[in-house]
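Residues per chain are reported as follows:
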Amino acid sequence: MALFQEADGDPRVALDRLADVLTYYGAVGDAAAELAFGFSLRKAAFARSIAVALELDASILDAVAIAGIMHAVGALGNPALVRENDLPERFAMMERWDIPAAGARVCAAIAALPERCADIVRWQSEAWDGTGFPDQLRWNGIPVPSVALALADRLVRAHEPEEALASITEEAGRSFAPAHARAFMLWFHRTGAEVEPGAFPRAALVSELTDPGDLLLDIADRIDRHLGVPGRARNVLRLAEASARALACSPAEIEALRIAALTFGAGELGDGFESTLDPLVRLGLERRAERARAGARLLENLPALSAAAPLVAARAEWFDGTGKPAGLGRDAIPIGARILATAIAYDAIDIDTRARPAARRATAGERLDGASGTHFDPRVVTAVLDAAKAHA
Amino acid sequence: MIELHERTRRISPTRIHEILLRYGAKSLVDPFMGLPTHLNYLKRHGIAVHGGDVLEWFVRVGEGIVVNDLTILRDHEVAEIVEMIPGRIYALDLFKAWEGVFFTEEQCVYLGVWFDNVRNLRSDGQTGLAILGLWRVFCYWLQKAQEPDEMPDLPPSELAWYYIRQTERWVASNMRRNTVRQSDVMQTIGRQRADALFLAPPPRNALHHADPRIWMWEAWWQGNPYFTLEHAYRDTLFGARSNDPAAYQRSIAGILSEAADYPLLIVATNESRLGELEPIVRNARTKVECYAPNDSEIYLIATA
């Protein structure tokens, strides 16, 4: 879809956008897998450096780095991690074993990625002795690029680099081949396990094959399914875009708003899901603001997406200045954030009202009207309700 | 010292599962199953699986992780496997022939103890799990004999405990009937029906290049350190009579002919063997698709 403004035929712009969307995808995967922010970027940098130590061909290093970024995208939608799916511990463990294979399928579906990327992701959790997952490959059946990813993973997960070194050498012959453990040890002593995060290896991408807008939409759909609110981002996008046009927002503002509508849900991934409380009540506001900040953080360092970060961050602000996290009011809240917050609330109430008609509650329009002037900007409420009516 | 193989056959169950999903197959027969970890994966994902192999220890493991739906080992049962039980008489010199050649004296004693202990477990499922766990210890020792300074020294019972516990993590049910059988490929194909047949035929003369980690464990299970694969394969399709290329191709063609009723046939091969297998498969089936995700994994997929 035409999510971004025209690139005026400059292929570098398309490439940069795709690289940023993929980096964002990696961060979303981290959040879904309940890993720390920045995990995938660190893993990618380590994996690339370790791959050199494992004497891998230079032609595959970019694929290893990209696989490092995409390592956890399979966590989105994993039954052990999706919202309100309380599996017994044993079943949850087995479901988590499938994350690498699901990630491989995601990578294989992104035509712009190097072909080998999917298999590197697929076999990143295999163990030398055959006790890894999902394929239980053993010995030299495990491709070395995936071993680089496994070693990097151990390093990023460790509290201290020395802890990773100790565990890898301790597990030589079990999780890792003795030769790989030895190569890792040499690498560790040579570099001190200090590697600067590199830029996304754009040269390995074939940007014409994947539209970044379509990819972002696909990510949003997967996030929504993971959170148990399928189609939410698309609804919010439609309402927000129509409202922004009615309020005569600039093309740049509309582009930022589109991105924000597709990315705000990412902040709800991980251990603390969005409160299921009524979006119009103050209860849970702190939590919503926290999730808004988390969502914005995923976008901040990505030039193609960063314009949306302030909108996502301010979606828990109230028009009367009593919201969170900054307590901004009226025009101090970006217009995009005001539209986003109203569209999200409308969508949530509308779904709830339609799902429980017997509750005889006020319609979404009536309830939104009631919050106009306090929670929401009255102009925006009118625009969102008009957009909703037009769509209906 | 024994040479361990540089190359390992790669069977990727996630890939096989993707192929089965694409063609809507819900059950699968694998007459060359080998170590059936891939069947365990497919089972966990709802496919009814049926495996067969000539080597008995593969079949025993299959009873642990393919047929077995719920049996695992409690702590005291693991303890009864990994250490000598007071009062039980052990043939401690059963594997003395390996002493000083492949293993230390202590390791050979443990092999003798485990040989007896696994035969005293309460169910086939437990026996299968124990065999798989102990096999991993065996592989660790062979690897350590190659690289003594690179791998930590771990007490045999501790290592055995660790691996048996690792192994039983894979026990799961798919609410379907799953089977394994010790039989030749023709028997497995002929006596079992399923939506798909998965074939990863051994290369010509495979028994002469078999990985010692595989055939030595059959020797352990048989309690015969002088066991050879020639003995096990003697009466099979891939025995001594398929040493020449023409006989080998006839054997494969015979299998494909026997498998004519299977709606979906998946033949796993690699780049080096593709030229040999593809013409035989195309000769046997009219609709054949070649799916090659990488050089080491090529699938010839034949449909009805």
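Given the structure is predicted, the values throughout are model-derived calculations rather than measurements.

Definitions and limits used
Residues numbered from 1 in each chain as written. Chains lettered and ligands numbered in written order. Predicted model: local features only at pLDDT ≥ 70, side-chain atom pairs only at ≥ 80, totals over all residues. Helix = DSSP H or I, 4+ residues; strand = E, 2+ residues; numbered from the N terminus. Rg over C-alpha atoms; globule rule 2.2 N^0.38 Å. Buried ≥ 20, exposed ≤ 12 C-beta atoms within 10 Å, placed from the backbone. Contact = placed C-beta atoms within 7 Å. Core = buried A, V, L, I, M, F, W, Y, C linked by C-beta atoms within 7 Å. Domains from an automatic or database assignment. Pairing = 2+ DSSP bridges. Nonpolar A, V, L, I, M, F, W, Y, C, P; charged D, E, K, R; others polar. pLDDT = per-residue confidence, 0-100. Axes fitted to C-alpha atoms, helices over the stretch in contact; angles between N-to-C directions. Parallel < 35°, antiparallel > 145°, perpendicular 65-115°, else oblique. Expected span 1.5 Å × (residues − 1). Arc of directions from axis to C-beta.

1. Observations regarding the overall build of chain A
Looking only at helices and strands, one finds 17 helices and 0 strands in chain A. At 23 Å, chain A has a C-alpha radius of gyration in line with the 21 Å of a compact globule built from 392 residues. Judged by the C-alpha coordinates and their principal axes, chain A covers about 70 × 50 × 35 Å. Classification of the 392 residues of chain A by burial places 54% in the buried group. Taking the contacts inside chain A whose residues are at least 6 apart along the sequence as the reference set, 69% of them involve residues at least 24 apart.

2. Digging into the overall build of chain B
The secondary structure content of chain B amounts to 12 helices and 7 strands. Computed over its C-alpha atoms, the radius of gyration of chain B comes to 20 Å, within 12% of the 19 Å expected for a compact globule of 304 residues. Structurally, chain B occupies a C-alpha span of about 60 × 45 × 35 Å along its principal axes. Here chain B, with 304 residues, has 46% of them falling under the buried criterion. Partitioning the intrachain contacts of chain B with sequence separation of at least 6 by distance along the chain shows that 73% fall at a separation of at least 24.

3. Regarding helix α9 (residues 212-222) of chain B
All names here are of chain B. The buried count for α9 comes to 8 of 11 residues, which makes it a mostly enclosed element. Among the residues of α9, Arg213, Trp215, Met216, Trp217, Glu218, Ala219, Trp220 and Trp221 are the ones counted as buried. Tucked inside the fold, the buried residues of α9 contact α3 (56-67), α5 (105-118), α6 (124-146) and α10 (229-233). With its phi angle positive at about 70 degrees, Gly223 sits one or two positions after the end of α9.

4. Quick look at the nonpolar core
Formed by 136 residues in total, the largest nonpolar core has its most connected members in A:Val28 and A:Leu340. It is helix α1 (residues 11-32) of chain A that provides the largest number of residues to this core, a total of 12 residues. Among the domains, domain 1 (11-204) and domain 2 (229-391) of chain A are the pair contributing at least three residues each to this core. Sequence-distant contacts of A:Val28, defined by excluding residues within four places in its chain, comprise A:Leu76, A:Ile219, A:Ile223, A:Ala266, A:Leu269 and A:Leu298. One finds B:Ala25, B:Phe138, B:Leu197 and B:Ala302 within the second-largest nonpolar core, a separate group that totals 89 residues.

5. Concerning the pairing of strand β7 (residues 297-303) of chain B
All names here are of chain B. On β7, burial follows the alternation: Ile298, Leu300 and Ala302 on one face are buried, whereas Glu297, Tyr299, Ile301 and Thr303 on the facing-out side are not. Where strand β5 (residues 264-269) meets β7, 6 bridges bridge the pair, whose relative direction is antiparallel. Counterpart to Val267 in the pairing with β7 is Leu300. Adjacent in sequence and paired antiparallel, strand β6 (residues 287-294) and β7 are bridged by 2 residues.

6. What to know about the domain arrangement of chain A
When the parts come together, some accessible area is lost, and that loss is often what is quoted as the size of the interface. Residue and element names in this part refer to chain A. The domain boundaries assigned to chain A delineate domain 1 (11-204) and domain 2 (229-391). Placing a centre on the C-alpha atoms of domain 1 and another on those of domain 2 gives a separation of 34 Å. On the domain 2 side, the residues contacting the 13 residues of domain 1 number 12 residues. A breakdown of the residues in the side of domain 1 that touches domain 2 according to their chemical character gives 7 nonpolar, 1 polar and 5 charged.

7. Observations regarding the confidence of the model for chain B
Detailed reading of the predicted coordinates is not advisable wherever pLDDT falls low. Per-residue pLDDT for chain B has a mean of 92; in total, 98% of the residues score no lower than 70. Taken over the whole predicted complex, pTM reads 0.94, whereas the ipTM for its chain interfaces reads 0.94.

8. Points about the domain arrangement of chain B
All names here are of chain B. Domain annotation of chain B identifies domain 1 (1-56 + 178-304) and domain 2 (70-171). Tallying the contact residues gives 12 residues for domain 1 and 16 residues for domain 2. Here the residues of the side of domain 1 that touches domain 2 are counted per class, giving 9 nonpolar, 2 polar and 1 charged.

9. Examining the packing of α3(B) against α9(B)
Residue and element names in this part refer to chain B. Two elements in contact, α3 and α9, have axes whose closest approach is 8 Å; the angle formed by their N-to-C orientations is 80 degrees. As the angle between them shows, α3 and α9 are arranged roughly perpendicular. On α9, the residues touching Glu56, Trp57 and Arg60 of α3 are Trp217, Glu218 and Trp221. Among the residues forming the contact of α3 with α9, the class breakdown is 3 nonpolar, no polar and 3 charged.

10. Details of the packing of α1(A) against helix α10 (residues 212-227) of chain A
All names here are of chain A. Closest axis-to-axis distance for the α1/α10 pair is 9 Å, and the angle between their directions is 10 degrees. The pairing of α1 with α10 is recorded here as roughly parallel in orientation. From α1, Arg17, Leu18, Val21, Tyr25, Val28 and Ala32 reach across to α10, where they touch Pro212, Leu215, Leu216, Ile219, Ile223 and His226. For the contact of α1 with α10, a count of residues per class yields 10 nonpolar, 1 polar and 1 charged.

11. Side note on the sheet that holds strand β2 (residues 48-53) of chain B
Residues and elements named next belong to chain B. Here we have 7 strands laid out as an open sheet, ordered β3-β2-β1-β4-β5-β7-β6, and mixed in their pairing. With one partner strand each, in any of the chains shown, β3 (179-182) and β6 form the two edges of the open sheet. With direction set aside, neighbouring strand axes in the sheet form an average angle of 15 degrees. For β2 and β3, the ladder comprises 4 bridges, and the chain directions are parallel.

12. Notes on the interface of chain B and chain A
In this assembly, 24 residues from chain B lie in contact with 22 residues from chain A. Contributing elements (two or more residues each) for the side of chain B that touches chain A: α1 (13-23), α2 (37-44), α6 and β6 of chain B. Here the residues of the side of chain B that touches chain A are counted per class, giving 8 nonpolar, 7 polar and 9 charged.

13. A closer look at unusual backbone geometry
All names here are of chain A. The linkage connecting Phe133 with the following residue, Pro134, adopts the cis geometry, with an omega of 0 degrees. Looking at the element boundaries, Pro134 is found in the loop between α6 (117-122) and α7 (144-157). In this structure, the amide linkage connecting Lys324 to the following residue, Pro325, adopts the cis form with an omega of 0 degrees. Along the polypeptide, Pro325 turns up in the loop between α14 (309-313) and α15 (335-355). The backbone phi angle of Glu55 is positive, close to 60 degrees, even though this residue is not glycine. Topologically, Glu55 is positioned in the loop between α2 (39-53) and α3 (61-69). Judged by local crowding, Glu55 falls into the exposed class, with 8 C-beta atoms found within 10 Å.

14. Here we look at helix α11 (residues 245-258) of chain B
Residue and element names in this part refer to chain B. With 14 residues, α11 ought to run about 20 Å at 1.5 Å a step, and its terminal C-alpha atoms sit 20 Å apart, in line with that. Within α11 the residues assigned to the buried category are Tyr248, Ser251, Ile252, Ile255 and Leu256. Seen from one end, α11 has its buried residues packed into an arc of 135 degrees, which puts them on one side. Residues of α11 that are exposed and angled more than 90 degrees away from the buried face: Ala246 and Ser257.

15. Describing the environment of A:Glu170
Residue and element names in this part refer to chain A. With respect to the helices, strands and loops of the structure, Glu170 is situated in helix α8 (residues 161-170). Take Glu170: there are 15 C-beta atoms within 10 Å of it, and that puts it in the partly exposed class. Put simply, Glu170 and Ala181 are 11 residues apart on the chain and 9.0 Å apart in space, counted from C-alpha to C-alpha.

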